[in-house]
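Coordinate analysis (summary)
Each chain, written out:
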Amino acid sequence: MAKKATAKPAGVTLTIDGQELTVPVGTTLLQAAQGAGTEVPHYCYHPGLSSPAMCRLCLVEVEGAPKLLPSCTTTVSDGQVVHTQSDDATRMRQGVLEFYLLNHPLDCPICDQSGECDLQDYVFAEGREHGRGREAKRVFGRDDLGGDILFYGDRCVMCTRCVRFMNEIEEKPLLTVVERGNRAVIDTFFDEGLEKSDWAGNVVDICPVGALVSKDFLHKARAWDLEHTPSICPNCSQGCNIDLHTRDNLVHRMKPRINLEVNGHWICDYGRGRYEWLNRGDRLEVPVMNAEGRNTAMSWTTALEALKVRIGALRKSSVKAVVSPFWSNEDLGAVSRLVETLGGGSIVFRSARAEEEVVLQGYEGLARRKALAPNGQGAELLGCTRVGDDLGQGGLEDLMDHEGVVLVLGDALDDQPEDFAPNAGLVLYLGAYTSSALASVDFQLPVTTFAEQEGTFTNHAGRVQRFWPALSGPGAARPAWLVLGALVGALQGEDGPNTAEKAFDLVAQAIKSYKGLDYETIGAQGGPSGAPVPVPVPGD
Amino acid sequence: MGYPYSHEKEVPIISEHFGDPEARTLEGWKARGGYEALKKALDMSPEDVVEIVKASGLRGRGGAGFPTGLKWSFMPKDKAKPHYLLCNADESEPGTFKDREVLRWVPHLLIEGCVIAAYAMGAEHVYIYCRGEFFEATQVLAKAVEDAYADGILGDDVLGSGQKIDVTVFAGAGAYICGEETGLMSSLEGRRGEPRVKPPFPAAVGAFGMPTTINNVETLAAIPPIVRNGGEWYRQWGTEESPGTKLFCVSGHVNRPGNYELPLGFPLKDLIYEVCCGMVEDRPLKAVIPGGSSVALLSAEEAENCSLSYEGVIEAGSMLGCASVIVMDETTDIVHQVARMASFYAHESCGQCTPCREGTAWVTTILKRIEDGRGTEDDLDTLVEVTDQMIGTTICVLSDSVAPPVQSSIEKFRDEYLALIRRGERVGAA
């Protein structure tokens, strides 16, 4: 009876459009086709949600099946031969697309989704040249669903992604389908709207057409005019991966960027809505030195030379630094090195904290965290201590009698009096904005925000994640790591780092849990430091 | 007995006591031999009960005609999860009114059939899903269930056998789509009445996620006589492929519309001219819909030679469906009738699947436009093509149901459409 042990096949081998491929058991035909580079059109399927197989757009021909099968719910089986582009399949898709256009208003010229609309894309790719519908179109009009969400019922394709998001992911069933047949429409329950949701912005993202749109973004920009830059949401310590959508050097909106280990497909409304500060116009644009009671603008060369002289004279006196957790690891690391070079001292940061986390029930590990800054964890790993209250204020009383150097990065000290450090030998501020407290400090040096430079944040779980410059900094603003690195270099008679990557390498050398990390290993999805972050799989 | 009319050619097995108020009561039902079949079944093994039903060749009476015994055998044998039996009493196919009569006149026959079926499949709970509009029928049934509980026929110890079988009467809210088996399950669970994707099939994942079988009222009502008399007995009627008797709901332009229980394979011609006593005012026959509104129309010539069995009607070019025979004479405006049917489907589409949601409404507006005299000849091609796109592309078959009446009417009564489109001529416009 000794049977030769045969190795279990690692997956299922099937043929899609003539291409043979092996995929894991349980993969759907749609996913398998995606893997093979074929995008099967679909609306109701979304990788983060359940699949009701109701849009009927993803029907494909499977040899041996009596009729076309929905590729989003049909799982692969060995030896399956699938045709996504057969006559039957394409004719059917064309038919379904024609059905979609029957009542669609085709108001693309005034629709925010235009340019990133699946209906536009699919119809352009595969639709009929001329529709046969001559009947009057059904009109639902526009409805305010509450919060930031507007609903244009006429554009809706009834994929119900939004309803399923609210039911399955946020687990707050605030949306539903009312009526049936072609009178069916998405709606809220009576007077309860999406203002009761903390994650409603996601329904705009997953809406494949322009039915659900953001009031904030309404008619602000055309999709094709926006540049997308991978970044990290700066509004809490979760570190959600986002894209910053910019035009004319302004951030127009933030959209989630898929990272199954951090935020899946989602971001919260709190984070999504807080990007305007990146567009502030009242920026520090040139280095300013205060000499004999007068602020004088100057070039970086002059300013750094003067600074080197002033700060060199104060060497070996202790440094008190105040940093902002909105600045990158590279920037904070440079502060840390400068403090060390000058003979040591303390680094503190202030950070607002919310009372409660805002948890997304249906996605493990995702919440709007209590710490309302992106890099508090990075600051702590660099030896910074959090001070002040939960509004991010106070806590700087010991600057009053400090006699050495006071170094401030990023924190504009809005809550502080002008004489917050009356006895300091030197007050050096590097930041994006100024304030009354900073009006007569010795140096005000303009630096870029995270959106204007390359760098990394470390999220609450210790995951180091990169972001890229989405905007150009104003005037002479430079990344703080570059400025401080140059200063440290000048004090030590060597060159500072000239790329963010090198600046990060210096940080990585200094911190044990960053060991082995560099920009390449971190990549676009972030690198773990310490314990690996569990990977939640949606639908599991 | 028959109700309201009977005919000598009928074979009243299910309809024997239609119109007899005493048969509704538990006492009256027992006096007529009620619950003897259940006692007999409880003395047999569940497998043997399934075998009898298989041997009878009984096919599902809800429309699809799937062999009932085979369907029962799909239920998993292990009892790891509760098993459910659903009785589909959401009779809503236009032209159908047979299940209502079973509920009204012989509720205990249905209950007996349900309990036997539940025993055969190891189901511990039976839900009878009644159409929302069936107020009277639902009340009669609910009373019968109450009496059956009081008499120990239902509950924890069915007739002292130790079997636990519960029956719940559930009133729907009145939606055609809830007669579709998975739509019914969604509705029963308290959700929107929306059909679900198959697979998984109900026998694996059905109502409340448990193994479930769903049978039509008439199917379950046929079980007690079959169990009492055996499978071979049932096969003395009907044809090899369509054994037994069937309730035919005849409506339209006949002198005696009503329910008639006839052996399958009965000639359609005889049903109209003998059993139903001919056409109203002897007007010529124009068309017959043999199986409810979702099947193809038969022209008068096709109806002439049609045999009313599952295979016979297919041969004639349509489907037996649930044997709802709608007879139309020459005064019938076919375009109007088809438009009316299409508007029914547009109204009843649940709206999940795009081809159905948009297609049913589109077909209806085109037909209405033609009816209003604003049609073009192109519209006929569009109708055929659009309905083609609605076949086999959706979760359930509501969408598919629109195509047969539309396409067959255009094929068989094209002249009538063209007369209306070209010259504004209507049939029976009065």
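Residues numbered from 1 in each chain as written. Chains lettered and ligands numbered in written order. Predicted model: local features only at pLDDT ≥ 70, side-chain atom pairs only at ≥ 80, totals over all residues.

Considerations on the overall build of chain A
Within chain A, the secondary structure is distributed over twelve helices and 25 strands. Across its three principal directions, the C-alpha atoms of chain A cover 85 × 70 × 40 Å. Per-residue burial for chain A yields a buried fraction of 49% across its 540 residues. The long-range share in chain A, meaning contacts at least 24 apart out of those at least 6 apart in sequence, stands at 64%. (Helix = DSSP H or I, 4+ residues; strand = E, 2+ residues; numbered from the N terminus. Buried ≥ 20, exposed ≤ 12 C-beta atoms within 10 Å, placed from the backbone. Contact = placed C-beta atoms within 7 Å.)

Some details on the overall build of chain B
The number of helices and strands found in chain B is 19 helices and eleven strands. Radius of gyration (C-alpha) of chain B: 22 Å, near the 22 Å computed for a compact globule of 430 residues. Taken along the three principal axes of its C-alpha coordinates, chain B extends 75 × 45 × 35 Å. (Rg over C-alpha atoms; globule rule 2.2 N^0.38 Å.)

Quick look at the environment of R183 of chain A
You can see R183 of chain A is positioned in the loop between β8 (175-178) and β9 (185-188). As a C-alpha pair, R183 of chain A and R315 of chain A span 132 residues in sequence and 76 Å in three-dimensional space.

Section: the pairing of strand β5 (residues 245-252) of chain B
Residues and elements named next belong to chain B. Of all eight residues making up β5, seven are buried, and the element is well covered by its neighbours. What sits between the antiparallel neighbours β5 and strand β6 (residues 258-263) is a turn of five residues. Alignment of β5 against strand β11 (residues 324-329), held across four bridges, turns out to be parallel. Across the sheet, G252 pairs through a bridge with V327, a residue of β11. (Pairing = 2+ DSSP bridges.)

Description of the sheet that holds strand β12 (residues 241-247) of chain A
All names here are of chain A. Taken in spatial order, the three strands line up as β11-β12-β13 in an open sheet, and their pairing is antiparallel. Either end of the sheet is taken by a strand with one partner, and the two such strands are β11 (227-232) and β13 (250-256). Strand-to-strand twist of the sheet, defined as the mean angle between neighbouring strand axes without regard to direction, takes the value 30 degrees. One ladder, built from six bridges, connects β12 with β13; its direction is antiparallel. Each residue of the ladder has a partner; that of D243, found in β13, is K255. (Axes fitted to C-alpha atoms, helices over the stretch in contact; angles between N-to-C directions.)

Observations concerning the interface of chain A and chain B
Contact residues are listed per partner, giving 26 residues for chain A and 24 residues for chain B. No other element matches helix α2 (residues 87-102) of chain A, which puts six residues into the side of chain A that touches chain B. Class assignment of the residues belonging to the side of chain A that touches chain B gives a composition of 15 nonpolar, six polar and five charged. (Nonpolar A, V, L, I, M, F, W, Y, C, P; charged D, E, K, R; others polar.)

Things to note about the domain arrangement of chain B
All names here are of chain B. Domain annotation for chain B reports domain 1 (15-234), domain 2 (245-329) and domain 3 (334-423). The C-alpha centroid of domain 3 is placed 23 Å from the C-alpha centroid of domain 2. Between domain 2 and domain 3, the residue contacts involve eight residues of the former and ten residues of the latter. Split into classes, the residues belonging to the side of domain 2 that touches domain 3 amount to five nonpolar, three polar and no charged. (Domains from an automatic or database assignment.)

Things to note about the environment of A432 of chain A
All names here are of chain A. Considering the arrangement of structural elements, one finds A432 in the loop between β22 (426-431) and β23 (443-446). You can call A432 buried: it has 26 C-beta atoms within 10 Å. Expressed as a C-alpha distance, the spacing of A432 and R283, which sit 149 residues apart in the sequence, is 5.6 Å. With near-sequence residues (within four places) excluded, A432 lies in contact with R283, L284, V447 and T449.

Quick notes on the pairing of strand β3 (residues 59-62) of chain A
All names here are of chain A. Here β3 shows a buried face lined by L59 and E61 and a second buried face lined by V60 and V62. Relative to strand β4 (residues 69-70), β3 runs antiparallel, the two being bridged by two bridges. Counted as the bridge partner of L59 is P70 from β4. Between β3 and β4, which pair antiparallel in sequence order, lie six residues; one of them, G64, sits at a positive phi of approximately 95 degrees.

What about the confidence of the model for chain A?
Residue and element names in this part refer to chain A. For chain A, the mean per-residue pLDDT works out to 93, and 96% of the residues sit at or above 70. Segment residues 1-5: pLDDT under 50, and zero contacts once partners within four positions in sequence are set aside and those in other chains are kept. Within the model, pLDDT remains below 50 along residues 529-540, and this stretch shows 24 contacts once partners closer than five positions in the same chain are excluded. (pLDDT = per-residue confidence, 0-100.)

Side note on the packing of helix α5 (residues 98-105) of chain B against helix α7 (residues 135-150) of chain B
When two helices pack together, you describe them by how their axes are tilted relative to each other and by the distance separating the axes. All names here are of chain B. Between α5 and α7, whose axes approach to 7 Å, the crossing angle comes to 40 degrees. In terms of orientation, α5 and α7 fall into the oblique class. When you trace α5 past α7, the crossing you get is left-handed. Together, R100, L103 and R104 of α5 and E136, A137, V140 and L141 of α7 make up the contact between the two elements. (Parallel < 35°, antiparallel > 145°, perpendicular 65-115°, else oblique. Left-handed = near helix turned anticlockwise from the far one by under 90°.)

Some remarks on helix α10 (residues 480-492) of chain A
All names here are of chain A. Taking 1.5 Å per residue, 13 residues should reach 18 Å; α10 reaches 18 Å between its end C-alpha atoms and fits that length. Considered for burial, the residues of α10 that qualify are A480, W481, L482, V483, L484, G485, A486, L487 and V488. At its buried positions, α10 is contacted by α7 (300-313), α8 (329-341), β21 (405-409), β22, β23 and α11 (500-510). A positive phi of about 75 degrees marks G493, the residue just after α10. (Expected span 1.5 Å × (residues − 1).)

Things to note about helix α3 (residues 46-56) of chain B
In an α-helix, one full turn covers 3.6 residues, which means residues spaced three or four apart are oriented alike. Residues and elements named next belong to chain B. Where α3 is concerned, the buried positions are V49, V50, I52, V53 and S56. Taken down its axis, α3 places every buried residue within 155 degrees of arc, on the same side. Those residues of α3 that are buried are in contact with α2 (36-43), α4 (68-73), α6 (107-121), α10 (223-229) and α11 (231-234). Trailing α3 by a residue or two, G57 shows a phi angle of about 75 degrees, which is positive. (Arc of directions from axis to C-beta.)

Quick word on the sheet that holds β6 of chain B
Across a sheet, strands are paired by hydrogen bonds formed along the backbone, either parallel or antiparallel in direction. All names here are of chain B. Across the sheet, which stays open at both edges, the five strands sit in the order β6-β5-β11-β8-β9 with mixed pairing between neighbours. The open sheet has two edge strands with one neighbour each: β6 and β9 (298-299). By the bridge criterion, four bridges tie strand β8 (residues 285-289) to β11 in an arrangement that is antiparallel. What sits directly across from I289, in β11, is I326.

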